[in-house]
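Residue-level structural notes
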Amino acid sequence: MKAAMKFTRLQLLLRMAILTIVFTGTLRAENMDRTTLSQKDLQAKLTYCKTCHGLSAQGFRGHSIMPRLAGQQAECLENQLRAFVERRRDSKFMLGVASALSPAMVTALVAHFRDLNPEPLRGAPQELVAAGKKLYEEGVPSANIQPCSSCHGPEAKGIGAAPRLAGQLHEYTSKTLMNWSNDRDRDPTKPDTSAIMEPIARSLTESQIAAVAAYLNYLE
């Protein structure tokens, strides 16, 4: 009887030890998934991104205008992905894409896009470039609008959370500024740096927006 009980106890201890090993291994695997990823997984996600944003993330003109991500500030990209997830920025498609990204994947993606520097997809009306350059460098004093360069840098390559604008498709820049209040900062309880642009975008005229978008389109 004692021998049988001892054997049963040993069996239970062995099972518990096995379960502990399996459970610990599972936890470690989950933690690894949260902090690391393989090059294969990264390349698969980059291939997916290229479908919309172009082979070198230079943007794409198609049924919808897809923005240039190449050369973008990492902090800006991270903020905007978070804005999609938190529904502070409106896009049903990007909500699903951004929600599926692990922290490790976000870090890898933004680093990849930040380091790309393809030729910009030009095509904006060249006759608007001079006026756009003046607006970018001087602002609109009569409307109390500061120069764009004060936040985005003299070459429009962005500073920290302020995005790179150089080389952006002019159609995308124009659409974004024209619809700023509808597309951005949709949750006033969670404001971010995008809130700075709301009164500026609202104050710019359609012709001013078209001009600055044209100027930015030709910058490298």
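Now for a quick tour of the structure. Because the structure is a prediction, the values reported are computed rather than measured. (Residues numbered from 1 in each chain as written. Predicted model: local features only at pLDDT ≥ 70, side-chain atom pairs only at ≥ 80, totals over all residues. Heavy atoms only, no water.)

Section: the environment of L128
Defined as follows: Only DSSP runs of H or I reaching four residues or more are called helices, and only runs of E reaching two or more are called strands; each is numbered from the N terminus. Using a 1.4 Å probe on the protein chains alone, a residue whose accessible area is under 20% of its type maximum counts as buried, one over 50% counts as exposed, and one in between counts as partly exposed. Two residues qualify as a contact provided that any one of their heavy atoms is within 4.5 Å of a heavy atom in the partner residue.
Examined against the element boundaries, L128 turns out to sit in the loop between α5 (103–114) and α6 (129–138). Accessibility expressed as a relative area gives 27% for L128, which makes it partly exposed. When the C-alpha positions of L128 and A213 are compared, they lie 8.8 Å apart, and in sequence the two are 85 residues distant. Ignoring sequence-local partners within four residues, the contact set of L128 consists of A210, A211 and A214.

A word on the packing of aromatic side chains
We count it as follows: For Phe, Tyr and Trp, where Trp contributes only its six-membered ring, two rings pair if their centres lie within 6.5 Å, and the inter-plane angle classes them as stacked under 30 degrees, edge-to-face over 60, or tilted in between. Whether a charge sits over a ring comes down to the Lys NZ or Arg CZ being within 6 Å of the ring centre and within 35 degrees of the ring normal.
In the structure shown here, the tally under the stated rule is one aromatic pair. Taking the centre distance of 5.8 Å and the plane angle of 50° together, the rings of Y136 and Y215 count as tilted. Of the two residues, Y136 is situated in helix α6 and Y215 in helix α11 (residues 206–217); the sequence distance between them amounts to 79 residues. On the basis of relative accessible area, Y136 is assigned to the buried category, the value being 0%. Above the face of the Y48 ring, K45 is positioned so that its terminal group lies 5.4 Å from the ring centre. Here the guanidinium or amino end of R184 rests over the ring plane of W180, the centre of that ring lying 4.5 Å away.

What about the side chain of Q168?
Put simply, the rule is: Between N or O atoms, a polar contact is any pair within 3.5 Å; within protein, one atom must be a potential hydrogen donor and the other a potential acceptor, and residues adjacent in sequence are included only when both atoms are from side chains.
Mapped onto the fold, Q168 is located in the loop between α7 (149–152) and α8 (170–178). There is a polar contact of 2.7 Å between the side chain of Q168 and the backbone nitrogen of R68. Ignoring sequence-local partners within four residues, the contact set of Q168 consists of P67, R68, T173, L216 and N217.

Quick notes on empty space enclosed by the protein
Note the cut-off: Here the term cavity refers to a set of points on a 1 Å grid, laid over the protein atoms alone, in which a 1.4 Å probe fits but cannot get out; the term pocket refers to an open set having protein on both sides within 12 Å along at least five of seven lines, with lining residues being those that place an atom within 4 Å of a point. Grid points are joined across faces, edges and corners, and a volume is the space filled by probe spheres set on the points. By the convention adopted, Pro, Cys, Tyr, Trp, Phe, Met, Ile, Leu, Val and Ala count as nonpolar, Lys, Arg, Asp and Glu as charged, and the other residues, Gly among them, as polar.
This model, assessed by the stated rule, comprises one cavity of 30 Å³ or more. Empty space within the largest cavity amounts to approximately 30 Å³. When grouped by side-chain class, the residues that make up the lining of the largest cavity number one nonpolar, two polar and five charged.

Concerning the packing of helix α3 (residues 74–85) against α5
Cut-off, in case you're wondering: Angles here are taken between N-to-C directions and fall from 0 to 180 degrees, while the axes themselves are lines fitted to C-alpha atoms, restricted in helices to the stretch in contact. Comment on the angle field: the value is read as roughly parallel under 35 degrees, roughly antiparallel over 145, roughly perpendicular from 65 to 115, and oblique elsewhere. Helix crossings fall into two classes, left-handed where the near helix is turned counterclockwise from the far one by less than a right angle and right-handed where it is turned clockwise.
Orientation of α3 relative to α5, taken along the N-to-C sense of each, is 135°, at an axis distance of 9 Å. Between α3 and α5, the interaxial angle falls into the category oblique. The two elements α3 and α5 cross, and the hand of that crossing is right-handed. Contact with α3, carried on its side by A74, L77, E78 and L81, involves V106, V110, F113 and R114 of α5 and no other residues of that element. Of the residues contributing to the contact of α3 with α5, the split by class is six nonpolar, no polar and two charged.

Examining the pattern of salt bridges
Using the following cut-off: By convention in these notes, a salt bridge is any Lys or Arg side-chain nitrogen within 4 Å of a carboxyl oxygen on Asp or Glu.
In total, this model carries nine salt bridges according to the counting rule given. Note that R61 is salt-bridged to E171, the shortest N-O span being 2.6 Å. On the criterion of sequence distance, the pair formed by R61 in strand β1 (residues 60–61) and E171 in helix α8 is long-range, its members being 110 residues apart. Looking at R61, the relative accessible area reads 32%, which means it is partly exposed. Residue K133 pairs with E137 through a salt bridge whose shortest N-O separation is 2.9 Å. Taken as a pair, K133 and E137 lie in helix α6 at a separation of four residues, close to a single helical turn. K133 gets classed as partly exposed once you look at its relative accessible area, which sits at 37%. The exposure class assigned to E137 is partly exposed, which follows from its relative accessible area of 38%. Connected through salt bridges with shared partners, the residues E119, R122 and E220 form a single ionic network.

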